[in-house]
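# Chain and residue survey
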Amino acid sequence: MQTHRVGLSFLLLATLVSWGYSTVLAQTPGPQATWTVAATGDAIMTRRLAQFDHPGDPGFYQMAQVIREADAAFVNLELSLFRLHEFDGWPAAEHGGNWELGPPEVAHDLRAMGFNLFSRANNHTTDYGVAGMRLTNKLLDELGLIHAGSGENLGSASRPGYLETPKGRIALIGFASTFTPMSRAGAARPEVVGRPGLNPLRIETRHEADAATLQSLRDVAAGFGTSVPERSDAPIRFMGTTVYPGRANRVVETVNASDEERILREIDNAARMADYVVVSAHSHQPGNASVVPAPWVVDFAKKCLDAGANTYIVHGPHQLRGIEIYNGKPIFYSLGNFIFQNETIDPMPSDNYERYGLGDTALAADLYDTRFQGNTVGFPSSPIWYESVIAVPKFQGERLIELKLYPVDLGQKAPRSQRGTPRLADEATGRKIIEHLAELSAPFGTEISYQDGIGIWRP
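Think of each chain on its own: its residues are numbered from 1, step by step along the sequence as written. Under the rules for a predicted model, residues below a pLDDT of 70 receive no local features and side-chain atom pairs below 80 are neither given nor counted, while totals for whole chains, interfaces and linings still include all residues. Neither water nor hydrogens contribute to the side-chain values; these are computed over all heavy atoms in the structure.

### Section: the packing of helix H7 (residues 257-273) against helix H8 (residues 295-306)
Geometry of a packed helix pair, given as the angle between the helix axes and the separation of the axes. Here H7 crosses H8 at 35°, and the two axes come no closer than 9 Å. Listed contacts from H8 to Glu260, Ile263, Leu264 and Ile267 of H7 are Phe300, Lys303 and Cys304. Under this grouping Gly is polar, as are all residues other than the nonpolar Ala, Val, Leu, Ile, Met, Phe, Trp, Tyr, Cys and Pro and the charged Asp, Glu, Lys and Arg. The residue makeup of the contact of H7 with H8, split by class, is five nonpolar, no polar and two charged. Interaxial angle, 0 to 180 degrees, is taken between N-to-C directions of lines fitted to C-alpha atoms, where a helix line uses only the stretch in contact. Helical segments are the DSSP runs of H or I of at least four residues, strand segments are the runs of E of at least two, and each set is numbered from the N terminus. Whether two residues touch is decided by their heavy atoms; if any such pair falls within 4.5 Å, the residues are in contact.

Written as C-alpha cells, this is what we have:
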C-alpha cells in the first residue's frame, strides 16, 4: 500500500513538473507561442480617466482589463501633452484641423490602462511645432512607453520602437499619409542636419478629365483671365490644380515611390530584428465621411504585410471601416476613435477664435458652442464618431488564430464634460456596432459574428 502511494505521489509530481515545464515552454518566444495585441484607434485625451478605473464603474474598468490582459496594447496619440506655462514655444501656423493639446497626466492614465505602444505620426504631431512634439516624446520616454513615427530627422522618425515582452520582441513602425506639410521629417546629410518631424507617406494626386470637361475648364479658366494652352488636349492649370486629359473625370492617387521604399525597408529590417511587427498608419484618405478606404490604402497595407508586418492598423478617419484578413494577418482599415475628448481642449490659440468669428473676450465654451451649433453639426451630432471597437487579434507564432472585437461606446449623448470617454457598450449598442463592422468587413471576405457581447472572427 505504501509503495502504491509513493508511486501515485511520484506520478503526480511528474505530472505537475511536466505541466509547469510545458507552461513555461508556452510562454517562451518561438513559432508556437501565442500572443495578443489590443489595438485601438485615435486618442484625443484632455481629461483624466483614472477616477473611472475601478470595479464600481464596470463599463470602464472591464474595458481597461481587456487592454491590460493583452501582451501589447496600441493607441494613436493624436495630441501634444504638456502645460503651456512649461512650454518654450508657440502654436504652429499649420495645424491638423485644430490645435490638440492635453495635460501630461493623461499619459500616466494611458499607461495604467495597459497601453505600451504609441503612434506619434498623425496630422496633429506638430500642432505646437517641433518643440511640442519633442516635449510629448520626452514624456513618453520618461514613462517607459514605446513610440514610433516621429523623430529628430527622417531616419529616426522612420525607425521602429521595440517592446520587450515575455512572449517576444514586438516592433512598432508608425507613419502618416495625412499630415501638414511642415510636419514632414527631412533626411540628414553630411553637410546639413535633418529636419525633425514625422515619418511621411506622401500621396501624389493627379486630376484627370474627359474631353468635354477639359474644354469647359478651358472656357472657365479663360473667363478668369488665366492663360490656357493652345492645344485642346493639353493639361490646364486653374486655381492651383493641374487637370490632365483622360478618359473619365477622376482623381488618381499614387504612393510616393521613395517613401514607399523607405517604409518597406524598415518593415523588412524590423521583421528580422523582432518576433512580431505592428505597422500603424494615419490615413484619412479618401476622407472622414467615407467608410471605404482609398484603393492605394488597401494595396499598400498588403505590401507592408508581405514585407514582414504581422498587423496593419489604420487610424484617422474617426469612424470604423472594415477589416480584412490577408494571408492570415489582420488589416484594420480604421478603428475609429478610442478617446475623443476634443471639446474640452482649453486654452486655444487666437487663430481658432478668429476662425469662428469670435473676439478676444470669447472663451473655450463659446468656441465649441459656435463650432458645433448646439451639437447639431459636426462630431457631436452623430454617434458614428463615438462608436468603435478594441480589436484583440490572437496569434500562434505568426498565424492569426482568433480575433475578438470589443464594442466601445464613447457617450455621444453625454454632456460635453463627459462625452468622448470610452466604456464597453451595452448589449443593444454593442450588437449594433459589431453588426455594422461586420457589414463593412464583408466586402473584404471577412465574416464577423456577434457572440456573448463581442465580435468574433475565427479561421
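Don't stop here, the text continues.
### A closer look at the confidence of the model for the protein
When pLDDT is averaged along the protein, the result is 93; 93% of the residues meet or exceed 70. Per-residue confidence from the prediction method is given by pLDDT, with values spanning 0 to 100. Note that residues 1-26 has pLDDT below 50 and, in this model, two contacts with residues that lie over four places away or in other chains.

### A closer look at the sheet that holds strand E18 (residues 329-332)
Whether two strands pair comes down to DSSP finding at least two bridges between them. What the six strands build is an open sheet, ordered E8-E9-E15-E16-E18-E17; its pairing is mixed. Edge positions in the sheet fall to strand E8 (161-165) and strand E17 (323-326), since each has one partner strand and no second. Between one strand axis and the next, the sheet turns through 20° on average, direction left out of account. As paired strands, E8 and strand E9 (residues 168-176) are joined by five bridges and run antiparallel to one another. Within E9, the residue paired with Leu163 across the bridge is Ile170.

### Structural notes on the packing of aromatic side chains
Ring pairs shown here join Phe, Tyr and Trp side chains whose ring centres sit within 6.5 Å, with only the six-membered ring taken for Trp; geometry is labelled stacked below 30 degrees between planes, edge-to-face above 60, and tilted in between. The full count for this structure, using the stated rule, is 14 aromatic pairs. Arranged with centres 4.9 Å apart and planes meeting at 85°, the rings of Phe340 and Phe379 form a pair that is edge-to-face. Of the two residues, Phe340 sits in strand E19 (residues 337-340) while Phe379 sits in the loop between helix H10 (364-372) and strand E20 (387-396), which places them 39 residues apart along the sequence. Taken individually, Phe340 and Phe379 each receive the classification buried, so the pair is uniform in this respect. Of the aromatic side chains, those joined through ring pairs into one cluster are Phe340, Phe379, Trp385 and Tyr386. Geometrically, a charge over a ring is one whose NZ (Lys) or CZ (Arg) sits within 6 Å of the ring centre while staying within 35 degrees of the ring normal. In this arrangement the basic side chain of Arg423 is found over the ring face of Phe52, its NZ or CZ atom lying 4.7 Å from the centre. Residue burial is assigned from relative accessible area. The probe radius is 1.4 Å, only protein chains are included, and a residue is buried under 20% of its type maximum, exposed over 50%, and partly exposed in between.

### Digging into unusual backbone geometry
Cis geometry is found at the peptide bond from Gln285 to Pro286, where omega equals 0°. You can see Pro286 is positioned in the loop between strand E15 (276-282) and H8. In this model, Asp346 is joined to Pro347 through a cis peptide bond whose omega is 10°. The phi dihedral of Met239 falls on the positive side, at around 55°, and the residue is not glycine. Summarising the element assignment, Met239 is placed in the loop between strand E12 (236-238) and strand E13 (241-245). With relative accessibility at 70%, the residue Met239 sits in the exposed group. Despite not being glycine, His318 shows a phi value in the positive range, around 70°.

### Let's talk about the sheet that holds strand E14 (residues 250-255)
The strands that make up a sheet are held in pairs by hydrogen bonds between backbone atoms, and each pair lies either parallel or antiparallel. Strand order in this open sheet of four strands is E12-E13-E11-E14, and the pairing throughout is mixed. The sheet is open, and its two edges are formed by E12 and E14, each paired on a single side. Across the sheet, the mean angle separating the axes of adjacent strands is 35° when strand polarity is ignored. Sheet analysis places E12 next to E13, joined by three bridges and oriented antiparallel. For Phe238, the partnering residue across the bridge sits in E13 and is Thr241. On the sheet, helix H6 (residues 211-223) packs against strand E11 (203-209), E12 and E13 and is oriented at approximately 50° with respect to E12.

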